[in-house]
Amino acid sequence: MTFDEIFHITLMQGFAGLSLFAVLLLMGLGLAIIFGQMGVINMAHGEFMTIGAYTIFLMSALTEAYAPGLMQAYFPLAIVCAFLAAFAFGWLAEWALIRHLYKRPLDTLLATWGLSLAMQQTFRSVFGPKEVSPTLPDWLMGSWEITEGLDIPINGMFVLGLTLVVTGGVLLAMYKSRWGLRVRATVSNRTMANAIGIDTRKTDRLTFAIGCGIAGVAGAAFTTIGSTGPTSGSLYIVDAFLVVTFGGAASLWGTVVSAFGIAQTQSISEFFLSGSMAKVLTLLLIVGILMMRPQGLFAAKVRR
Amino acid sequence: MDAIKHWLTRGGYGSLLILAVLLLVVFPLAMDLFRLNLVGKYLTYGFVAIGLVMLWGYGGVLSLGQGVFFGLGGYAMAMFLKLEASDPESTKIQSTPGIPDFMDWNQLTELPWWWEPFNSLPFALFAVVAVPTLLAFIIGYAMFKRRVGGVYFAIITQAVALILTVLIIGQQGYTGGVNGMTDLRTLLGWDIRTDEAKYTLYFVTVFLLLGSIMLCRWIQLSKLGTLLLAMRDKEDRVRFSGYDVSMFKVFAFCLAAALSAIGGAMFTLQVGFMSPSFVGIVPSIEMVIFAAVGGRMSLVGAVYGALLVNFGKTYFSESFPDLWLFLMAALFISVVMAFPNGLAGLYESHVKPWLTRRKAAPATTPEPPAPGAETTANIASPTSSGTASPTSKISISTKVSSQSA
């Protein structure tokens, strides 16, 4: 093996880590809003991601059946639909379930776990137990050969780009918009926020729905790198929670950094160890660090 | 006579007596061996559930990793049984006789060193309790000393459950992988697969379970139990009173772990195998629902919860497999939204006032308390609603503990 080959393998392995980083970050962002900001343990977060993935699948099937000419263009629209579908279901879930449980975080955990079971079974009944994949437009296929022996898959780059756009959007909305201001005010002092005229219930509902919508976008990104089954989302739920906790629950930047760290650790150790041992090593590292530093990497400075 | 009556009501032992009669007399007489074996299997989850009552209901700490301890206990037992089943005589077709079959399939040529001690039953029995308790101590000490609790603790324990599952599945040669340890036959030459052995094991399980409930009840009635409750409600007050809050939590966590482990070992003995499917995230959360359905404050209720949910699971997943997950979902949601205190809470708020009214009316015979009565019998007033009763009781005990210190 020449030096060049080793260099290329390292680059490609690093890029594989970036794809994982993208999915983890998109999952983590939604959860950082719901769990980090609102304190709701949403165990059904993975299922909202699956909603997004199935929306893409549906859109691709519909386009293929009724407007085959638009196959090249449907994908961006489908991503918006994925966001809206997950957003709508999130809104509904907040109204029906979550709003009754804000004062009992451990109980939201059980209730949303129940919700996730019901959603999984619904997916299974509607879409069947088999994994499905949407027909992707041609421009997402193939790879970009930079030099001889160095291939970067295009779908990976697309996911990465999407992640950057969404992350930027969320950070901007959180720190520059009126909504973000209301959310941050509600989080830091609910009673006070109420007193100065912020409708905290409305803010809660919108915030929860937006968090779910971002999970839907994560699902859309997920369809480009893997196939979707009824339980796809639940595979990522523990990782997503760890990303948020590890980054420091109330910090969005922490989520970005920890998603990157976790994805790269896993992807690089996968190169030296078997897949399962890489996972064990990564998780052990996170749990170990969390035991040493329970507040996570970036702790928000909050007076309690 | 009055002394017995007092003992039964004060300690809430009346409901325990009913449970004992049900498990020791009614079930063995009414059911065939297959069903009884199933009950025995469900009762091993009852150990986990009463552990969760102590940890979650009383200590206020929710662990989503009880499957880890159940699994470790079960695996420790299974390792001993597997070694006994793999004597050189019965494994002579393997390329290396005398080691468990899955090791041979994975090209291992000798027993790993950490398997060696499991050749002895006393060590295996010791490990059943010691290993999970030690792990619980390490996790609990690291977390509670840094005042990590609530949600974060739940997530970390869940991650531990994931780690152990991935580890067991990944290290096939040492653990049997995803199939687990199967084909367990004898315990010191005593065949655990015979009808007679199944009866014996059922009764051993029941006695251990009743003993565990007595132990937990004793802890609840002691000062320690009061402190646990006080901690759950106003942790800071207890800390300012001079108690080392974290060590009490560690104790509750270790107790719950040890109980789960005993359940796991009995599970292995009765079912004859152990696999990672009893360790992971999903079974661990299901174990929480056993305690929640029975009533998170009630030891006896938790056992009924484990029995009921598992019977439901067996029945529905056989007859209506599509419906089962929806039912389970409805169970999770309704237990949280409508009956936060489970069956026992329903008994407290509905059945008990009715019984009292009947007792008050003349010319009616007094009825024995219905199952699940255990909960908060000695504390909550029967007229208060199910939701309100634990809270009111807690605030009282908090005051007591902070004043007494």
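Calculation notes
- Here, residues in each chain are numbered from 1, in the same order as that chain's written sequence.
- The order in which chains are written sets their letters, starting at A; the order in which ligands are written sets their numbers, starting at 1.
- A pLDDT threshold of at least 70 governs which residues receive local features in this predicted model, and a stricter bar of 80 or more applies before side-chain atom pairs are shown or counted, although totals over entire chains, interfaces and linings include all residues.
- Excluded from the side-chain calculation are hydrogens and water; included are all heavy atoms of the structure.
- UniProt positions are given in the numbering used here, feature names are shortened, and annotations may be inferred rather than shown by experiment.
- Under the scheme used here, helices are H or I runs from DSSP no shorter than 4 residues and strands are E runs no shorter than 2 residues, and both carry numbers assigned from the N terminus.
- For every residue, the pLDDT score states the predictor's confidence, bounded by 0 at the bottom and 100 at the top.
- Only heavy atoms matter for contacts: two residues are in contact if any of them lie within 4.5 Å across the pair.
- Counted as salt bridges are all cases of a side-chain nitrogen of Lys or Arg within 4 Å of a carboxyl oxygen of Asp or Glu.
- The classification of residues rests on relative accessible area computed with a 1.4 Å probe and restricted to protein chains. Under 20% of the type maximum is buried, over 50% is exposed, and intermediate values are partly exposed.
- Each residue after the first adds 1.5 Å to the expected span of a helix.
- Buried area counts how much accessible surface, traced with a 1.4 Å probe, disappears from two parts once they are put together, with both parts' losses summed.
- Distance and chemistry together define a polar contact, namely a pair of N or O atoms within 3.5 Å, with one atom able to donate a hydrogen and the other to accept it when in protein, and with adjacent residues in sequence counting only for side-chain atoms on both sides.
- Gly falls in the polar group here, along with every residue not listed as nonpolar (Ala, Val, Leu, Ile, Met, Phe, Trp, Tyr, Cys, Pro) or charged (Asp, Glu, Lys, Arg).
- What makes a patch is a set of residues exposed beyond 30% relative accessible area and free of salt bridges, joined within 9 Å when like-charged and within 5 Å when nonpolar (Val, Leu, Ile, Met, Phe, Trp, Tyr).
- With residues, only the protein chains shown are counted as cover, and all accessible areas are computed by Shrake-Rupley using a 1.4 Å probe.

Q: Requested: an account of the UniProt feature "transmembrane region" (unreviewed entry) in chain A, with residues and values cited.
A: Here the UniProt feature "transmembrane region" (unreviewed entry) sits at residues 6-36, 48-67, 73-97, 152-175, 206-225, 237-259 and 271-292 of chain A. End-to-end, the C-alpha atoms of residues 271-292 of chain A are 27 Å apart, and along that stretch the chain is 91% helix and 0% strand.

Q: Tell me about the confidence of the model for chain B, residues and numbers included.
A: All names here are of chain B. Averaged over all residues, the pLDDT of chain B equals 82, while 87% of them reach at least 70. By mean pLDDT, helix α17 (residues 388-404) is the weakest element of chain B at 38, and helix α12 (residues 245-271) is the strongest at 93. Here residues 364-405 scores under 50 on pLDDT; set against residues more than four positions off or in separate chains, the count is 73 contacts.

Q: A description of the pattern of salt bridges should follow, citing residues and the corresponding values.
A: Residues and elements named next belong to chain B. Scanning the entire structure with this criterion turns up 14 salt bridges over all chains. When the shortest N-O distance is used, the salt bridge between Arg-185 and Asp-183 registers 2.8 Å. With a relative accessible area of 25%, Arg-185 lands in the partly exposed category. Assessed through its relative accessible area of 37%, Asp-183 is described here as partly exposed. Where salt bridges share partners, they join Glu-235, Asp-236, Arg-239 and Lys-249 into one cluster.

Q: Can you break down α12(B) residue by residue, with the values?
A: Residue and element names in this part refer to chain B. In a regular helix each residue adds 1.5 Å, so 27 residues correspond to 39 Å; α12 covers 39 Å between its end C-alpha atoms and thus fits that length. Most of α12 sits inside the fold, with 23 of its 27 residues counted as buried. Downstream of α12 by one or two residues, Gly-272 has phi in the positive range, about 90°.

Q: Let's hear about the interface of chain B and chain A: which residues, and what values?
A: Residue-level contacts link 38 residues of chain B with 38 residues of chain A. On the chain B side of the interface with chain A, the three residues burying the most area are B:Ile163, B:Leu325 and B:Val336, jointly 16% of the side's total. The interface formed by chain B and chain A contains one salt bridge. A:Asp107 serves as the salt-bridge partner of B:Arg296, at 3.5 Å between the closest nitrogen and oxygen. Inspection of the chain B/chain A interface yields four residue pairs in polar contact (both at pLDDT 80 or more). Only α6 (121-145), α7 (150-170), α13 (281-294) and α15 (321-337) of chain B provide two or more residues apiece to the side of chain B that touches chain A. In terms of residue count, α7(B) provides more of the side of chain B that touches chain A than any other element does, 13 residues in total. Within the side of chain B that touches chain A, the residues separate by chemical class into 30 nonpolar, five polar and three charged.

Q: Summarise a nonpolar patch on the surface; cite the residues concerned and give the values.
A: Residue and element names in this part refer to chain A. Taken together, the side chains of Ile-268, Phe-271, Phe-272, Leu-273, Leu-281, Leu-285 and Ile-289 make up a nonpolar region of the molecular surface, amounting to roughly 660 Å² of accessible area. Secondary structure elements with two or more residues in the nonpolar patch: α10 (252-272) and α11 (275-292). Structurally, the position occupied by Leu-281 is in helix α11.

Q: Outline unusual backbone geometry, supporting the account with residue identities and numerical values.
A: Residues and elements named next belong to chain B. Although it is not a glycine, Gln-107 adopts a positive phi angle of roughly 60°. For Gln-107, a relative accessible area of 67% translates into the label exposed. Here Asp-183, not a glycine, exhibits a phi torsion of approximately 60°, which is positive. Its place among the elements puts Asp-183 in the loop between α8 (172-175) and β1 (186-187).

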